[in-house]
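Given next are the chains, with one letter for each unit.
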Amino acid sequence: MELPNQHARPEEYITSDEEERRRQDYEINSYYERSDPQSYDLEGDGVEARVTYEGSANIILVNSGLRDADDDDPDGFALCMECNRWLTSEDQIESHTDEDDSECYANASEEAIKRDIELFSEGQHDTVTLTSPLPADIEPQRAEEFYRTLKETVYQGILVSFDLDEEEIGTFVKPATGEHGQVTTVFYETSDGGAGVLHSLMDETRFRQVARETQTVLHGDPDDEGAASGPVTSV
Ligand SMILES: [Zn+2]
């Protein structure tokens, strides 16, 4: 279900059950519907990477509910179709549909509760991807760790280079579909339309500056003698 417009109201206090829930994370997955991006190959010291850019690319975020839901809690979200209240636990569903003492003003029955709802939102965002094969000196079982590190450090490199806050750029990894590597890292401007900073990464020189910032994030100033080198530094 596409995330509908919501009505919220401030609560004077919350129950300990709700407080516990508030600390939990939601399971959110991001998707990039690639259509026709511009691209170029970045060649470095033993590492090749494919860089793509697409203006107004379709980015979809899917919220599948609480990450650490109890076994007896519903998968995804549950919604009362009679009164439009969200219900997040079996206890809530039970008291909401209690025949004698329903918390639903419309006296919803069990059948009126729609379960297993995943919520999605969709937007058009300037998007850059970086795809590279796993460097030969990284063992395959460390691939996930490698790509997670690559994503985080290039992300920090972009934020530092363009003087941006974390709210302005989103990032996630996805399986790669082409011949350039097994994992693609996606960066997108979170505001619709965007400020155009990611577009400037189609200038290879600009991307190399980001790579330098990334090196600094990892190891300190890359011009320092004795600075350690790692796979990311050779992009
Ligand atoms: Zn209801």
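Numbering of residues starts from 1 in each chain and follows the order in which that chain's sequence is written. With pLDDT at 70 or above as the cut-off, local features in this predicted model cover only qualifying residues; side-chain atom pairs require 80 or more to be listed or tallied, and sums for whole chains, interfaces and linings still use all residues. Hydrogen atoms and water are omitted, and side-chain values are computed over all heavy atoms in the structure.

Peer 1: Before we go on, may I ask you to explain the coordination of the zinc ion in this structure?
Peer 2: Reference geometry at the metal: tetrahedral coordination by four donors gives ideal angles of 109.5 degrees; octahedral coordination by six donors gives 90 or 180 degrees. Protein coordination at the zinc ion: the donors are Cys80 (SG), Cys83 (SG), His96 (NE2) and Cys104 (SG), at 2.1 to 2.3 Å from the metal. The rule for donors is simple: an N, O or S atom within 2.8 Å of the metal counts, and for Na, K and Ca the reach is 3.2 Å. Water is not among the atoms, so a site may look short of donors. All donors of the zinc ion come from a single chain, and their spacing in sequence reads C-x2-C-x12-H-x7-C. Placement of the pair is Cys80 in strand β4 (residues 77-80) and Cys104 in the loop between α2 (90-96) and β6 (113-117), with a sequence separation of 24 residues. Labels follow the DSSP assignment, with helices taken as runs of H or I lasting at least four residues and strands as runs of E lasting at least two, numbered in each case from the N terminus.

Peer 1: Just to check I follow, could you spell out the nonpolar core for this structure?
Peer 2: Nonpolar side chains tend to gather and get buried jointly when the protein is soluble and globular. Membership of the largest hydrophobic core comes to 28 residues, with the highest contact counts inside it found for Leu130, Ile158, Ile169, Phe187, Leu198 and Leu201. Put simply, the parts of the chain that give this core at least two residues each are β2 (38-43), β3 (48-66), β7 (119-131), α3 (143-162), β9 (183-189) and α4 (204-219). If one sorts the elements of this core by residue count, α3 sits on top with 9 residues. Between two residues, a contact is recorded if the distance between any of their heavy atoms is within 4.5 Å. Apart from residues lying up to four places away in sequence, Ile169 is in contact with Tyr155, Leu159, Leu164, Phe187, Tyr188, Glu189, Thr190, Val197 and Leu198. As used here, the term nonpolar core means buried Ala, Val, Leu, Ile, Met, Phe, Trp, Tyr and Cys residues forming a set that is joined through side-chain atoms within 4.5 Å. Partly exposed describes any residue whose relative accessible area lies between the buried limit of under 20% and the exposed limit of over 50%, with all areas from a 1.4 Å probe on protein chains only and scaled to the type maximum.

Peer 1: Mind showing me how you'd approach the side chain of Thr185 here?
Peer 2: Counting through the fold element by element, Thr185 comes out in strand β9. On the basis of relative accessible area, Thr185 is assigned to the buried category, the value being 1%. Setting aside chain neighbours within four positions, we find Thr185 in contact with Val128, Thr129, Leu130, Leu150, Lys151, Thr171, Phe172 and Val173.

Peer 1: Looking at this structure, I do not really get the pattern of salt bridges. What am I missing?
Peer 2: Side chains that differ in sign of charge can pair as their charged atoms come close. Salt bridges are identified by distance alone: a Lys or Arg side-chain nitrogen within 4 Å of an Asp or Glu carboxyl oxygen. Applying the stated rule across the entire model yields 7 salt bridges. Between Arg115 and Glu110 there is a salt bridge, with its nearest N and O atoms 3.2 Å apart. Arg115 gets classed as partly exposed once you look at its relative accessible area, which sits at 30%. Between Arg142 and Glu145 there is a salt bridge; the shortest N-O distance is 3.0 Å.

Peer 1: For this particular structure, what's the right way to read the side chain of Thr127?
Peer 2: Residue position: Thr127 is located in strand β7. Pairs of N or O atoms within 3.5 Å make up the polar contacts considered here, provided that, within protein, one atom can donate a hydrogen while the other can accept it, and that residues adjacent in sequence are counted only when both atoms are side-chain atoms. In this structure the side chain of Thr127 is engaged in a polar contact, spanning 2.9 Å, whose partner is the backbone oxygen of His125. With sequence-adjacent residues up to four places away left out, Thr127 is seen in contact with Tyr32, Thr52, Tyr53, Glu54, Ala57, Ile59, Val186, Phe187, Tyr188 and Leu198.

Peer 1: Please explain the environment of Asn63 as it appears in this structure.
Peer 2: When you line up the elements, Asn63 lands in strand β3. With a relative accessible area of 15%, Asn63 lands in the buried category. Between the alpha carbons of Asn63 and Gly76 there is a distance of 7.8 Å; along the sequence they are 13 residues apart. If we ignore the near neighbours within four places in the chain, the residues touching Asn63 are Tyr26, Glu27, Ile28, Phe77, Glu118 and Leu119. A distance of 2.9 Å separates a polar atom in the side chain of Asn63 from the backbone nitrogen of Gly65.

Peer 1: Please clarify how the packing of α3 against α4 should be interpreted in this entry.
Peer 2: Any two packed helices are characterised by how steeply their axes cross, that is the angle between the axes, and by the distance between the axes. Each axis is a line fitted through C-alpha atoms, and for a helix only the stretch in contact is used; angles between axes span 0 to 180 degrees, taken between their N-to-C directions. As a packed pair, α3 and α4 sit with axes 8 Å apart at the nearest point and diverge in direction by 115°. As the angle between them shows, α3 and α4 are arranged roughly perpendicular. With respect to the hand of their crossing, α3 and α4 are arranged in right-handed fashion. Of the residues in α4, those touching α3 at Thr149, Thr153, Val154, Gln156, Gly157, Ile158, Val160, Ser161 and Phe162 are Arg206, Gln209, Val210, Glu213, Thr214, Val217 and Leu218. Looking at side-chain class alone, the contact of α3 with α4 contains 7 nonpolar, 7 polar and 2 charged residues. Note that the term roughly parallel is reserved for angles under 35 degrees, roughly antiparallel for angles over 145, roughly perpendicular for angles of 65 to 115, and oblique for everything else. Handedness of a crossing is defined here by the sense of rotation of the near helix relative to the far one, left-handed for an anticlockwise turn of less than a right angle and right-handed for a clockwise turn. Residues were grouped as follows: Ala, Val, Leu, Ile, Met, Phe, Trp, Tyr, Cys and Pro as nonpolar; Asp, Glu, Lys and Arg as charged; and all remaining residues, including Gly, as polar.

Peer 1: Whenever I open this one, the pairing of β2 confuses me. Can you help?
Peer 2: In summary, the side chains of a regular strand alternate between the two faces of the sheet. Pairing of β2 with β3, which is carried by 6 bridges, proceeds in the antiparallel orientation. Residue pairing for β3: Glu43 is matched across the bridge by Glu48. Here, any two strands with at least 2 DSSP bridges between them count as paired.

Peer 1: Could you clarify how one ought to interpret unusual backbone geometry in this entry?
Peer 2: When glycine is set aside, most residues are seen to have a negative phi, and most peptide bonds are trans. Although it is not a glycine, Ser56 sits at a positive phi angle of roughly 50°. For Ser56, the position within the fold is in strand β3. The exposure class of Ser56 is partly exposed, given its relative accessible area of 45%. The phi dihedral of Asn84 falls on the positive side, at around 65°, and the residue is not glycine. With respect to the helices and strands, Asn84 occurs in the loop between β4 and β5 (86-87). We classify Asn84 as exposed; its relative accessible area is 56%.

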